[in-house]
Structure formats: C-alpha cells, structure tokens
Amino acid sequence: MKCIVNRRAQFSASHRYWLPELSDAENLEKFGACSKFPGHGHNYVLFVSLAGELDKYGMVLNLSDVKHVIKREVTSQLDFSYLNDVWSEFQQTLPTTENIARVIWHKLAPYLPVVRVQLFEHPELWADYLGNAMEAYLTLSTHFSAAHRLAHPDISNEANFEIYGKCARPNGHGHNYHLEVTVVGEINPRTGMIADLVALNQAIEDYVVEPFDHTFLNKDIPYFAEVVPTAENIALHISHLLRSPIQELGAKLYKVKLIESPNNSCEIYCTEYELSTNIVHNESVLVRV
C-alpha cells in the first residue's frame, strides 16, 4: 500500500538578496530591506514528504535513517550559516524561500524518495517544491477583520433563518479572517523568485486587505450587495480580484484559502479552465474554479 510520510526539521540561517551586477541603489529598489548588508536571519522550518510502499514492519522508511540523511545533507550544513555562501547553488541563484526548497530537494533526492519539500521562512511565508524543474509554489499569509450577515436578498427573513440560523440576524457578526494566497511559477534563475515578493504583498494589501478590513461586507463591498458573503463566496471573490494582478507579476494564482474560524475554512483552486465542483469535508470547503 502506497503511503506518504512527512519528516520535520529546522535550521536557523541568514541570507541577503543582493546581486553584484547591480548597484546598491538598484539592489535596494529591487529587493528593499532584504538587500541591506550584512543580511538578515530566519528560523526555518522544513517538511520533507516521502512516498513508498508499507513494509512488513508498517513503515515506508525508518525515520531514524531519514532524520540522519536530512541532518547530514541539509540541516548540519545550513544551520547557523550565511546561505549566500554555504552552497554554490546560492551564488548563481539567490537563496529565496522557493529556491532553498528546490535545492534541498535535489540534495535529498539521491538518498530519499522525496515527493515534496515545504519550507517555512516564517509562519506567514512558505514555499513548496514538487520536483518539477524550476516550478515552485509560494504562499503568503495575512489577515483582515470584517463583519457579515448571511441572508439571501431574494427570500424572506424566515427562510434565511431556516437556512443560515444565527448568521442571518439583521445586525450581522464578525470574524478575524485568516487568508493564505498561493502562487505558482518558474523560479527566476538569477533572483531565485517566482515573483517580486514586495509587489506580491502589496497586491494582496491593495486588492484585498485594505478594502475588506474593518468593513461590513454586505454593505461596504459592492459585490456582496447581491451575493451572500459566505466564506466560499468571499474566497471566490478574492480569487477574482487577485488573478490579474498576480499574472502581471509573472506568476499565476494557484490557491486562495480563507479561514473564517478554527472550525471553518474554504479553499479555492484556480485552474485555467472553469470547473464548478464543491467538495465539503470536515466543515471545510474545497472549490475549483
């Protein structure tokens, strides 16, 4: 039986986004504060996913052996290092989160059946690499606070209460929404980036966080005047708002995840074709569009 196991590891390291062929002013314009000498540091958290058949002992691999390989090939070399200098790959392509994940994959692949490398630079920024040449996924996390009322405008209050329960009360209620935006694209062979991180953050701020934060969605966001602002519809609208700005940055919007509460979340997967399939599981909703 095929199974995927995940091993967690961590390391602390510093890096700097700086290209010698650019002037200090050009580096500052391109990379912002990340270009400042002598660099800055992170506590990286690494997840390595491994696939295989279960053996007679109930294991895909002996995790003690996996731990040893990850330490030997990755963490012992990267921990308390300056990433730009530690591996030759980072002298050719900058050690961005997505590029570090890619290089780690190639360090481990000769020894382990790797199917995914996920690297957290911090809790609000992480990358996934699945072994597909220079393609990688980058996720940015943010939040906004907003109120809403779940009530369809074309039916009576009684019918709305029957469908939405307390959420249909006239004065609405609020949430601290947690938003994750995942983009996919090719890692630039020089900068190490899928897209300009500063510009990507700014697009999410401009198109979503600033317009949505501290609003009553039904009244303050025109789209929700006629559309019920369920978590699913909010995430879908966010995907529509972000798709073009992200394409302009050279990447593609892959996923929008909206966490309304610890019990309810929604994921919108953005593909190149329209597919309206809703899958409900454990109070989470997965929608492909």
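Above this text is the structure in question.
Keep in mind that this is a model prediction, so the values were computed, not measured. Position numbers for residues start from 1 in each chain and track the written sequence from start to end. Local features are withheld for residues below a pLDDT of 70 in this predicted model, meaning they are given only at 70 or higher, and side-chain atom pairs are given and counted only at 80 or more; totals for whole chains, interfaces and linings count all residues. With hydrogens and water set aside, each side-chain value is computed from the structure's full complement of heavy atoms.

A. Spotlight on helix 9 (residues 231-248). Note on conventions: DSSP H or I runs of at least 4 residues are helices, E runs of at least 2 residues are strands, and numbering of each starts at the N terminus. The span expected for a helix works out to 1.5 Å for each residue beyond the first. Here helix 9 contains 18 residues, and its C-alpha end-to-end distance of 26 Å stays within 8% of the 26 Å for a straight helix at 1.5 Å per residue. Bend is computed residue by residue as the angle between axes fitted to the seven residues ending at the residue and the seven residues starting at it. The sharpest bend along helix 9 comes to roughly 35 degrees, located at L242, with the proline P245 sitting one to four residues further on. Every buried residue belonging to helix 9 is among A231, I234, A235, L236, H237, I238, S239, L242, P245 and I246, and all of these are buried. Turning to helix 9, the residues buried within the fold contact strand 6 (135-148), strand 7 (173-186), helix 7 (197-212), helix 8 (217-220), strand 9 (252-261) and strand 10 (264-269). At the C-terminal side of helix 9, G250 shows a positive phi close to 95 degrees. Whether a residue is buried, partly exposed or exposed follows from its accessible area with a 1.4 Å probe, protein chains only, as a fraction of its type maximum: under 20%, in between, or over 50%, in that order. In what follows, residue pairs with any heavy atoms lying within 4.5 Å of each other are defined as contacts.

B. Inspection of the packing of aromatic side chains at higher detail. Paired rings are identified among Phe, Tyr and Trp, the last through its six-membered ring, by centres lying within 6.5 Å, and are further divided according to the angle between planes into stacked (under 30 degrees), edge-to-face (over 60) and tilted (the rest). The full count for this structure, using the stated rule, is 11 aromatic pairs. Here Y137 and Y254 contribute two aromatic rings whose centre-to-centre distance is 4.9 Å and whose plane-to-plane angle is 65 degrees, an arrangement assigned as edge-to-face. Here the residue Y137 occupies a position in strand 6, and Y254 occupies one in strand 9, the gap between them amounting to 117 residues. For Y254, a relative accessible area of 30% puts it in the partly exposed group. Considering the side-chain rings of F144 and F212, the 5.6 Å spacing of their centres and the 80 degrees angle between planes classify their relative orientation as edge-to-face. Of this pair, F144 sits in strand 6 while F212 sits in helix 7, and the two are 68 residues apart along the sequence. There is no split in this pair, since F144 and F212 are both buried. These aromatic residues form a ring-pair network of at least three members: F47, F120 and W126. Our definition puts a charge over a ring when NZ of Lys or CZ of Arg is within 6 Å of the ring centre and also within 35 degrees of the ring normal. Its guanidinium or amino end placed over the ring of Y111, R72 lies 4.8 Å from that ring's centre, counting from NZ or CZ. Here the guanidinium or amino end of K219 rests over the ring plane of F216, the centre of that ring lying 5.5 Å away.

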